[in-house]
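# Geometric and topological summary
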Amino acid sequence: MTLEELTNLVNELSMPRFTAKQIAQWLYEKRVTDIDSMTNLSKANRAKLSETYCVGRKEPVSEMRSIDGTVKYLFETSDGKMIESVYIPDNDRGNDRATLCVSSQKGCKMNCHFCMTGKQGYHGNLTTNEIINQIFSIPESETLTNIVYMGMGEPMDNYSNVLNSIRVMTESWGLAWSPKRITVSSIGKLKELRQLIENTDVHIAISVHSPFHNERQNLMPVEKAYPIESVIDFLRGYDFAHQRRLSVEYIMWEGLNDDMRHADALADLLKGTKARVNLIRFHAIPGVDLKTSNEKNMVAFRDYLNQKSTLCTIRRSRGEDIMAACGMLAGKKLKDAEREN
């Protein structure tokens, strides 16, 4: 709950108004797992809270560990569905970054051709609690430095719960994180994307994957409703030149979108946006007859964009051996591949 929701709650239960801030402190600063631990609330008020409410923490059902240090966690939702989040440590060059890739939906409606999550269909939105629980209930929770909403689902298709989870992380009554530690990825749902940009200062990542309308529509049916040209044109109206970052996600497939014609069109598409391009290797999934681009083409694509003054990098793949890399999350326990502690 947000502080406003907690305030409404204590009012309904005839508790002192200041109790809302006390509960928020117990939940988000002290991270208690049960109401009885909220010791500066009276026993009567703790009992009253416990009649209807609980803290709502649920441990992961299982975990899978990659040879590169990535960890995939499986969580069960309140209605028995499964969702995944991915912990990605990065100690290269003294970074000491620890990123958690969180899910926002059970499955996804977008049905992108290359995505494992989309292949399973849509089974509902995650609550704010189920989003925050992924962050609070992993062993590495206290050491996280960054959160990316790039797991299962389209975050802008669950806008209100995603926004509230961001507020829990960034408001003074919550974790008090800088919004610059958070990145939200989207296919470009314009109404919700506008609300997110105007109501938060988090970084924005847009899934592009092709600069050409027909080709992108074959890969991402959402192109019909939200053409990428319209999405990028909309984003030009916002300032991403300073601390806030706009990035473009571009999965590369051999012989499909990895030539200089695509690089040139992508550079033209992004003119005037200050967007940074992340080139991503395709990770093979069942039933999809696409191959990842080779290293030579990816490097040439990157170098061409940089020469055109479009900052571009090749993202290092993480967790592919445990089906935790980009596009591979399915919310299933793969017993034959699981690696227990």
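Now for a look at the structure at hand. Note that this is a predicted model, so its numbers are computed, not measured.

Calculation notes
Residues numbered from 1 in each chain as written. Predicted model: local features only at pLDDT ≥ 70, side-chain atom pairs only at ≥ 80, totals over all residues. Heavy atoms only, no water. Axes fitted to C-alpha atoms, helices over the stretch in contact; angles between N-to-C directions. Helix = DSSP H or I, 4+ residues; strand = E, 2+ residues; numbered from the N terminus. Parallel < 35°, antiparallel > 145°, perpendicular 65-115°, else oblique. Left-handed = near helix turned anticlockwise from the far one by under 90°. Contact = heavy atoms within 4.5 Å. Nonpolar A, V, L, I, M, F, W, Y, C, P; charged D, E, K, R; others polar. Pairing = 2+ DSSP bridges. Phe/Tyr/Trp six-rings, centres within 6.5 Å; stacked < 30°, edge-to-face > 60°. Buried < 20%, exposed > 50% of the residue type's maximum accessible area, 1.4 Å probe, protein only. Polar contact = N/O pair within 3.5 Å; in protein donor to acceptor, adjacent residues only side chain to side chain.

We now examine the packing of helix H1 (residues 3-12) against helix H2 (residues 19-29). Closest axis-to-axis distance for the H1/H2 pair is 8 Å, and the angle between their directions is 130 degrees. Judged on the interaxial angle alone, H2 and H1 are oblique. Like other packed secondary-structure pairs, H1 and H2 cross with a definite hand, here right-handed. The residues of H2 that touch H1, namely those facing Leu-3, Leu-6, Thr-7 and Val-10, are Thr-19, Ala-20, Lys-21, Ile-23, Ala-24 and Leu-27. Grouping the constituent residues of the contact of H1 with H2 by class yields seven nonpolar, two polar and one charged.

Pairing is mixed in the open sheet, where ten strands are placed in the order E1-E2-E3-E4-E7-E8-E9-E10-E11-E12. In this open sheet, the two edge strands, each paired with only one partner strand, are strand E1 (62-65) and strand E12 (312-314). Taken pair by pair, the neighbouring strands of this sheet meet at an average axis angle of 20 degrees, ignoring direction. Here strand E7 (residues 146-149) pairs with strand E8 (residues 182-186) via three bridges, running parallel. Across the sheet, Ile-147 pairs through a bridge with Ile-182, a residue of E8.

Enumeration over the complete set of coordinates arrives at six aromatic pairs. Between Tyr-28 and Trp-173 the ring centres are 6.0 Å apart and the planes differ by 50 degrees, which places this aromatic pair in the tilted class. One end of the pair, Tyr-28, is in helix H2; the other, Trp-173, is in the loop between helix H6 (159-170) and E8, with 145 residues separating them in the sequence. Summarising the burial analysis for this pair, Tyr-28 and Trp-173 share the class buried. Aromatic ring contacts, followed pair by pair, group Tyr-28, Phe-136 and Trp-173 into a single cluster.

With that settled, the discussion passes to unusual backbone geometry. The backbone phi angle of Ser-14 is positive, close to 60 degrees, even though this residue is not glycine. Looking at the element boundaries, Ser-14 is found in the loop between H1 and H2. Taking relative accessible area as the criterion, Ser-14 reaches 64% and is therefore assigned exposed. Positive phi, close to 55 degrees, is recorded for Asn-111, a residue that is not glycine. Relative to the helices and strands, Asn-111 resides in the loop between strand E5 (105-107) and helix H4 (116-119).

This paragraph deals with the side chain of Ser-137. Here Ser-137 lies in the loop between helix H5 (128-136) and E7. Overall, the relative accessible area of 2% leaves Ser-137 in the buried class. There is a polar contact of 3.2 Å between the side chain of Ser-137 and the side chain of Arg-57. A distance of 3.4 Å separates a polar side-chain atom of Ser-137 from the backbone oxygen of Lys-58. Sequence-distant contacts of Ser-137, defined by excluding residues within four places in its chain, comprise Arg-57, Lys-58, Glu-59, Pro-60 and Phe-75.

Remark: H5 packs on H6, axes separated minimally by 8 Å, with the N-to-C direction vectors making an angle of 45 degrees. Overall, the two elements H5 and H6 adopt an arrangement that is oblique. Crossing geometry of H5 relative to H6 is assigned as right-handed. From H5, Thr-128, Ile-131, Ile-132 and Ile-135 reach across to H6, where they touch Asn-161, Val-162, Asn-164, Ser-165, Val-168 and Met-169. Tallied by class, the residues present in the contact of H5 with H6 amount to six nonpolar, four polar and no charged.

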